[in-house]
Every structure is written in C-alpha cells, then in structure tokens.
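Observations on the model geometry
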Amino acid sequence: MGPLASFDSSSGWYSDLIQWIRNNGGYIHESLVLFSSVGQEEEEEEEEEEKPVESCSKSSDNYSSNSNSSRGITASQEIPQGTVLIRLPMKLAISGETFPSTYRTNGQEQEERNASPWLRCVISLMSLYLKGNFKCHHHEEEWKSYLNSLPDEYDSILLESSWSDQDIDMFLSGTTIGNIAKKDRLSNTLYERFHLMVKPYMIATNIIDKQLPQTRKNQKDDNDDDDEQLFTLFQKASACISTRAFHLGRTNGSTEDNKEEKEKDSYDSDYTGPFLLPFIDLLNHTSCPHEKCTTLQRTTMSMSSCTATKRDASSSYSYSSSSSYPGYFSMVAERNIQKGEEILHSYGQNLSSGQLFQTFGFVEESLIRRAAAKPIMMQDANNDDKIASWIQQYDWTPAILSKQDILEACQYITSSKIPKELEYNLGTVPGLLECDFEWWNLPSKQCLKTRNEEDVVQKIIPEDILISFHEPLSCDVVTLCCIQFLPDEAYEEIFAEECMLSPDVILQDYFLGSLVLKAILHAIESKALQYKKMDRLLASIHDSNHYDDDKIDDSNHNKTSVLWNQLHQDKLLLNHLLQEPQQQPPNVQQLLPQPQQYNHAMYGLTLRIEEMTCLYQLEQQCQQGIESFQQQYIHHSNDDDDILPPSAPYKKFKLDSC
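Residue positions are counted from 1 within each chain, in the order its sequence is given. This being a predicted model, a pLDDT of at least 70 is required before a residue's local features are given, and a value of 80 or more before pairs of side-chain atoms are given or counted; all residues contribute to the totals for chains, interfaces and linings. In computing side-chain properties, one takes all heavy atoms of the structure into account and sets aside hydrogens as well as water.

1. Quick look at the overall build of the chain
We count it as follows: A run of DSSP states H or I qualifies as a helix once it reaches four residues; a run of E qualifies as a strand once it reaches two. Both are numbered from the N-terminal end. Throughout, exposure labels follow a simple rule: accessible area from a 1.4 Å probe, protein chains only, divided by the maximum for the residue type, with under 20% read as buried, over 50% as exposed, and the rest as partly exposed. Computed with the Shrake-Rupley method and a 1.4 Å probe, the accessible areas treat only the protein chains shown as cover for residues.
Within the chain, the regular secondary structure consists of 25 helices and 17 strands. The buried share among the 658 residues of the chain stands at 54%. In the form shown here, the chain has an accessible surface area of approximately 29,900 Å², with 44% of it arising from carbon and sulfur atoms.

Below is the structure:
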C-alpha cells in the first residue's frame, strides 16, 4: 500500500461539491475528508486545479502504488457509532425516474419500445452535459459542481481508450469477459446500440433534434461530426453509470396509503436504479465485514428505508415527471470509526472478481491475493481456515464451456480408440464381468444430427454452460454428453419427455460414464489452450532471473495436465506482479510502463486463474471418477492405465433422470 497524501479538502472541486450539496439541503459530516494517493510523476507536475482521475482500484487496499491517483474518503477525527455521515436529498440524485419508460420511434411505423432504467439513466446524465433542451431536474449549470467531480476518463472495458484490443488479447485471453469484449468490438455492438436504442430515445424525449441522422451516411457532413461527438458522450456516460451507479434492493410493496401518496407526489418509489449519487460515489468498496463501516440507505416520506447495493440492473418502471423528490439517501456509522480510517462500504455481497471487473472496472486486492495462492480445491477447506474463509466469503468467476466445445469433444471420443478399449475391458476384466455392465454401438452422425436438433439440446441446454467452483460437473454437461453416446432405445425412453440427467446416476455405469468423463476431459484440454500464454511477460521475468518456480506449492497435482501447467504459470506471474512495480525487473517495467497496464495485467491474471480453477475442479472430479473405476474394477488386471476409464459405479446403469 502506497502513502496516502492528503490535500486541503476546503479548496477546488471537492469543496464546491460539498457546498453545493449543503446548499440543496444535504449534509456531509465535517470529519469526512478526501484523500488522494499521488504517484511521483503527478507530484512533479505543476499544481493546477485538481481534476479527479478514476481510481484504478476501488478496493479497501486501493492499490495506491499502482496508480497515478487513487482517492477515497477518510475520517479526520474519531466518529462514534450511530453518527450520520451523509444525507443526500433525492433531488440531487441523477436517475432515469424523470424519463418515460416507453417511447415511440420516429420512423414511419411509429414503433413503441420499452426504455430500460439503464437507458433512462444514461440519457439523464447525457442531457446534463449537452447544451440546449434539457429533460432533467435542473439546468446544466446547477449540476456543474457534481459534473466537475466526475473523472474525465474511466478504467472500463467498455472503452477502447482504456482497454485496448492489445490489452484484451494479452491479459484477458480465453476469459468469458475478454471473449465478449472482442466479439462486441468486432460487431460494433456499442455503436449499433447507440443508433438503434439511444438516439431514437433521445429524439423521442426531445434531447436532440429530429434532423440528426438515424443511420450513417456515405457522405461526410456536419451531422456526422455531431453524431461522432454524441457517440463519444454516450460511451463516457455508459462507463460512468457502469462504474459509479447504485442499485437499490426492492421494497416489500406499498400500502394503499403509500399508493395514494405516490399518486399525489407523482413519485415512483418502485424505481430501484441506477442512481448516480454525488459524494457517496467517492466512497470505496470492501468485501471484508470488519472493514465495512456503513451501508447506503434510501428513505422516502411514505415508505421505510431499504438497503442499497451497486449490483444488478433492474427492470423498467413507468414514472411521471415531477419536481417532487421526497426522501433522501443516507449513510450512518455502523461502528466506531477511528481517526484516519477510510470510510468503506460494500458495492454488493459476495461479488466475484468477474462481477467486480465487468461492472466497476477493478478487482480488489483480497481476490487478487487469493488467485495468487496455491491451487484451491474444495477438500483444502477442511485443512486450512484461510482457504475455508475464502471459499465461503467470496464467489468465483465461473468458466464457460460452450455447447459446441462439448459436442466436438464427444465427436473426438466417438472417433477415437476409446470406445473399443472400453468394450475390450468389459469383455476381459473380471471385475467388470462380475458387474454385468453393457456396451453398445455408438449413434451414427445422422442420428446425432437429428438428436442435436431436438428441443432438449436446442432449448433446454444453454449455448454457454457455466462451470462453477462449487458444482463443476453439472446436469447440463452430463446430459449433453449422454445424448451423444446413448443407444437409440435408451435415448427414446429417457427423453420421451424433456429432462436432465443426474451426474450421480450416469457415472454409475462403466461404459457410459467413461465416455462422458473422457469427453469432458478433452473439452477441458481444448478450453485450456484458449488461455494464451503470456509469453512476453514470462520471458521478461525469466530473463531477469526473478522466476521462482517454488513460490507455488504444486505437490500432489497432475503436472501433465495442459490446464494445470497454464494455471501454474499464471499464478507465478501474478505472484511476481504483486510486488511493488518499482521492484520489478527492467524488462517487466518496460513491458508494463503505465500503472494502468500493470493493473490490467493483475486483473486479467486474476480472472484467468479463477476461471481455470473452476475448470480444474471439474478436471479433478473427472479424474477421480476415472481412478474410481480403475480401483474398483481393474486393480487386478494389466498395468496399461492409459486406456482405462472414469467414475464411481456401483450397479448397472439405470434409466433415471433428475
């Protein structure tokens, strides 16, 4: 953790923001002060009016040494439990409440569309930046103090200026978020969304002139320049809402009196976000319960308060525009706060690294350090209290095996020697002969084509199958594999009605269970290759003699596994990057010259490691199934273990389903 350099909170944009809130009926406790951890480069620059830069890590540890500027709120004096820290009138919140939840397009058909809360909030913010017609609470000038407190740039994967294509390819290779980002950029998804959703809504609500072009023109004119500027503003507003907005927990419902009050005030108390909350959005996040010292609450004149979290988008709600904003947002000290302590709250409970990164643009240090630790298996929790706490407190970013990945793996197994080897074992190994297991001819390609076009595969099994840490071998994976291997009679009997198959039942059969587990292992190996090695970073560390292969305890793990080798290398890299940047060898500093790139490398490695850890859980479960077959049925036969199959069977496979 780098040094915290405090500066005068009574000057510049910070004092303007506090004064603006107080002038509008809000309250900020006098002991709340802004801190900024300033890098050496920034200290050497001329001291001008300080324009805030978005912190590259909103964690309790702040990674201040890894960024040019990290900021947050601390207590200048001890604050007793129960003290009101912040009270923000609802009229100072930027949201989509004042915008209609439905609108009509400007085309010939006058199509009616729904406007999501996210779209309405983005437009509300954009309208404050734009000059001219405003469909918002106040004129732009009245919001100047808050707009000046917002960063000029955001560290969000939505922005190519923040996450370049090269950064995504280098640091997020193979990850779900990285794949989505690359796909969206190739198809220009954000630009298409702007033209298909955002501009029509802005025209319908009179934010922009109807004469602005709805589609791109071949000929360049002034309207094209306006269009580009508007799209740039949309990108900025989207990143702002994504990284800074709050969402509320839904209330339990309203009484008749509350309904009457709502009708009287024209106020939609069902709206749950997003909200941009001045000053409150300066507070940083923590997942540690003992560090958290306050919780965001919303209080209305007619309804009880409800807990707020920065998580999950809500559905659309209608709202009638009104100047009445009953109630306020508040934060109260939930314990005694020590002098110099940072004011921290939680953006959401049990968020994974992927959720934090995709939504807020950062990964907190506790999750980065967990990823850098030795490979974590569920059984490790029985022997390590720290690991048990990690597993219980934090979620893990799941990996994804696509439906196509599984189908190709099953095709590979079908065309390999494995079915014949299993058939041979069934006819020769005494332990298998005694159990009376069956084998059968596998379905033809035409048969599989028909099966895979039916509802079970097309509608029930998702295109992207989540591999979670706590339940890696899911019904989705097992069912899809079984469909590729079952004989016709069994397939027709099981899938006469739509159903899913339980792993526990399927893996009791030697022949079917072996095929399924072998296919899954092949799919995992193919997926592991998608996490490209960070060769340049590895080479930089190797060349500097800083590479220490003993940092990770890898005993009792399968070192021949492609997945394990990649996971092991990523953990070693992350361990090296957790050292202070200035302690890194020159080659690494040259490869990651900017603090933002340094953080991107750590964020990307954390996501890769979490996903691969989930896959490793699945790989271990499949390997254990194979070993169980070997121990129970083939321990008295030949030593050729390479041809021997998977999981724990006790009786002949039955046509049961879950």
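2. Side note on the packing of helix α10 (residues 353-360) against helix α25 (residues 595-633)
Cut-off, in case you're wondering: In this analysis an axis means a line fitted to C-alpha atoms, helices contributing only their contacting stretch, and an angle means the value between N-to-C directions, from 0 to 180 degrees. Roughly parallel covers angles under 35 degrees, roughly antiparallel covers those over 145, roughly perpendicular covers 65 to 115, and oblique covers all other angles. Handedness of a crossing follows from how the near helix is turned relative to the far one, being left-handed for an anticlockwise turn of less than a right angle and right-handed for a clockwise one. Note on contacts: a residue pair qualifies if any of its non-hydrogen atoms lie within 4.5 Å across the two residues. Under the scheme applied here, ten amino acids are nonpolar (Ala, Val, Leu, Ile, Met, Phe, Trp, Tyr, Cys and Pro), four are charged (Asp, Glu, Lys and Arg), and all others, including Gly, are polar.
The interhelical angle for the contact between α10 and α25, taken along N-to-C directions, is 140 degrees, at an axis separation of 9 Å. Judged by the angle between their axes, α10 and α25 are oblique. Both α10 and α25 take part in a crossing whose hand is left-handed. Taking contact as the criterion, the partners of S353, G354 and F357 in α10 are, on α25, Y603, T606, L607 and E610. Of the residues belonging to the contact of α10 with α25, the class tally is three nonpolar, three polar and one charged.

3. Quick look at the packing of aromatic side chains
Heads up, the rule is: The rule is short: rings of Phe, Tyr and Trp, with Trp giving its six-membered ring, pair when the centres are within 6.5 Å, and they are stacked under 30 degrees, edge-to-face over 60, tilted in between. Two thresholds decide whether a charge sits over a ring: the Lys NZ or Arg CZ must be within 6 Å of the ring centre and within 35 degrees of the ring normal.
Taken as a whole and assessed by the stated rule, the structure comprises 23 aromatic pairs. Summarising the aromatic geometry, the rings of F360 and F362 are spaced 6.3 Å apart at their centres and angled 35 degrees between planes, so their arrangement reads as tilted. Residue class for F362 comes out buried when judged on its relative accessible area of 1%. Positioned over the ring face of Y328 is R87, at 5.1 Å from the centre of the ring. When the ring centre of W396 is taken as origin, the NZ or CZ atom of R370, which lies over that ring, is 3.6 Å away.

4. Quick notes on the nonpolar core
Note the following rule: Nonpolar cores were defined as sets of buried Ala, Val, Leu, Ile, Met, Phe, Trp, Tyr and Cys residues, with membership established by side-chain atoms within 4.5 Å.
Among the nonpolar cores identified, the biggest contains 101 residues, and F357, I406, C481, F485, F495, I520 and L577 are the most heavily contacted of them. At 15 residues, α25 tops the list of elements feeding residues into this core. Setting aside anything within four residues of it in sequence, one finds I406 in contact with L401, I465, V477, L480, C481 and A523. Membership of the second largest hydrophobic core comes to 71 residues, among which are I79, L125, Y146 and Y271.

5. Some thoughts on the pairing of strand β12 (residues 296-299)
We count it as follows: In this description, strands pair whenever DSSP reports at least two bridges between them.
Of the two faces of β12, only the one carrying L296 and R298 is buried; Q297 and T299 on the other face are not. Both β12 and strand β14 (residues 328-332) contribute to a ladder of four bridges, which runs antiparallel. The residue bridging Q297 from the neighbouring strand is S330, located in β14.

6. A look at the pairing of strand β17 (residues 464-467)
Residues I465 and I467 line the buried face of β17, whereas the alternating positions D464 and L466 sit on a face that is not buried. Sheet analysis places strand β16 (residues 399-402) next to β17, joined by four bridges and oriented antiparallel. Opposite S402, over in β17, you have D464 as the bridge partner.

7. Structural notes on the packing of helix α3 (residues 117-129) against helix α7 (residues 189-204)
It is at 11 Å that the axes of α3 and α7 come closest, and there the two elements cross at 65 degrees. Looking at the two axes, α3 sits roughly perpendicular to α7. In this structure, α3 crosses over α7, and the sense of that crossing is right-handed. Across the interface between the two elements, W118, L119, R120, I123 and M126 of α3 pack against R193, M197, V198, Y201 and M202 of α7. Split by residue class, the contact of α3 with α7 holds eight nonpolar, no polar and two charged.

8. Side note on unusual backbone geometry
Each neighbour pair has its own omega, and for G273 with P274 the value is 10 degrees, a cis peptide bond. With respect to the helices, strands and loops of the structure, P274 is situated in the loop between α9 (256-265) and β10 (275-276). One non-glycine residue with positive phi stands out, namely F279, at about 70 degrees. Here F279 lies in the loop between β10 and β11 (284-285). For N350, which is not a glycine, the phi torsion comes out positive at approximately 55 degrees. Take N350: it is sitting in the loop between β15 (344-345) and α10.

9. Digging into α7
Since the α-helix advances by 3.6 residues per turn, residues separated by three or four positions end up pointing in the same direction. Convention followed: Expected helix span is computed as 1.5 Å times (number of residues minus one).
Along its 16 residues, α7 runs 22 Å from first to last C-alpha, staying within 8% of the 22 Å computed at 1.5 Å per residue. Regarding α7, the residues found buried are L190, Y191, F194, H195, V198, K199, P200, Y201, M202 and I203.

10. Comments concerning helix α14 (residues 418-428)
Inclusion rule: Working note: the arc is built from the helix axis to C-beta atom directions.
Residues I418, P419, L422, N425 and L426 constitute the buried set of α14. Down the axis, α14 shows its buried residues gathered within 125 degrees of arc, on one side only. Facing away from the buried side of α14 by more than 90 degrees, the exposed set consists of K420 and Y424. Those residues of α14 that are buried lie in contact with α13 (403-415), α15 (430-435) and α21 (510-528).

11. Re the confidence of the model for the chain
As a reminder, the rule being used: As a per-residue quantity, pLDDT reports the predictor's confidence and falls between 0 and 100.
In this model, the chain carries a mean pLDDT of 78, and residues with pLDDT of at least 70 account for 72%. With pLDDT under 50 throughout, residues 251-267 is counted as low confidence; its partners more than four residues away or in other chains account for 26 contacts. Contacts from residues 303-324, a stretch scored under 50 in pLDDT, to residues over four places away or in other chains number 78 contacts.

12. Looking at the pattern of salt bridges
Heads up, the condition is: Salt bridge, as applied in this entry: a Lys or Arg side-chain nitrogen positioned within 4 Å of an Asp or Glu carboxyl oxygen.
According to the stated counting rule, one finds 18 salt bridges in the structure shown. Here D281 ties to R244 by a salt bridge, and the two come within 3.3 Å at their closest N and O atoms. Within this pair, whereas D281 is found in the loop between β10 and β11, its partner R244 is found in helix α8 (residues 222-244), the two being separated by 37 residues in sequence. Each of the two residues, D281 as well as R244, counts as buried. Its salt-bridge partner being E463, residue K403 comes within 3.1 Å of it at the nearest N-O pair. On the criterion of sequence distance, the pair formed by K403 in helix α13 and E463 in the loop between α17 (455-460) and β17 is long-range, its members being 60 residues apart. In this structure K403 comes out as buried when scored by relative accessible area, which is 4%. Through salt bridges with shared partners, one network takes in D169, K182 and K532.

13. Some words on the environment of F246
Among the secondary structure elements, F246 is positioned in the loop between α8 and β9 (247-248). Sequence separation between F246 and D281 is 35 residues, and the spatial gap between their C-alpha atoms is 8.5 Å.

14. With respect to the side chain of H600
To keep it simple, the criterion reads: Two N or O atoms form a polar contact when they lie within 3.5 Å of each other; inside protein one atom must be a possible hydrogen donor and the other a possible acceptor, and for residues adjacent in sequence the pair counts only when both atoms belong to side chains.
Counting through the fold element by element, H600 comes out in helix α25. For H600, a relative accessible area of 0% gives the class buried. Separated by 3.4 Å, the side chains of H600 and D167 make a polar contact. Setting aside residues no more than four positions away along its own chain, H600 makes contact with D155, S162, W163, D167 and F171.

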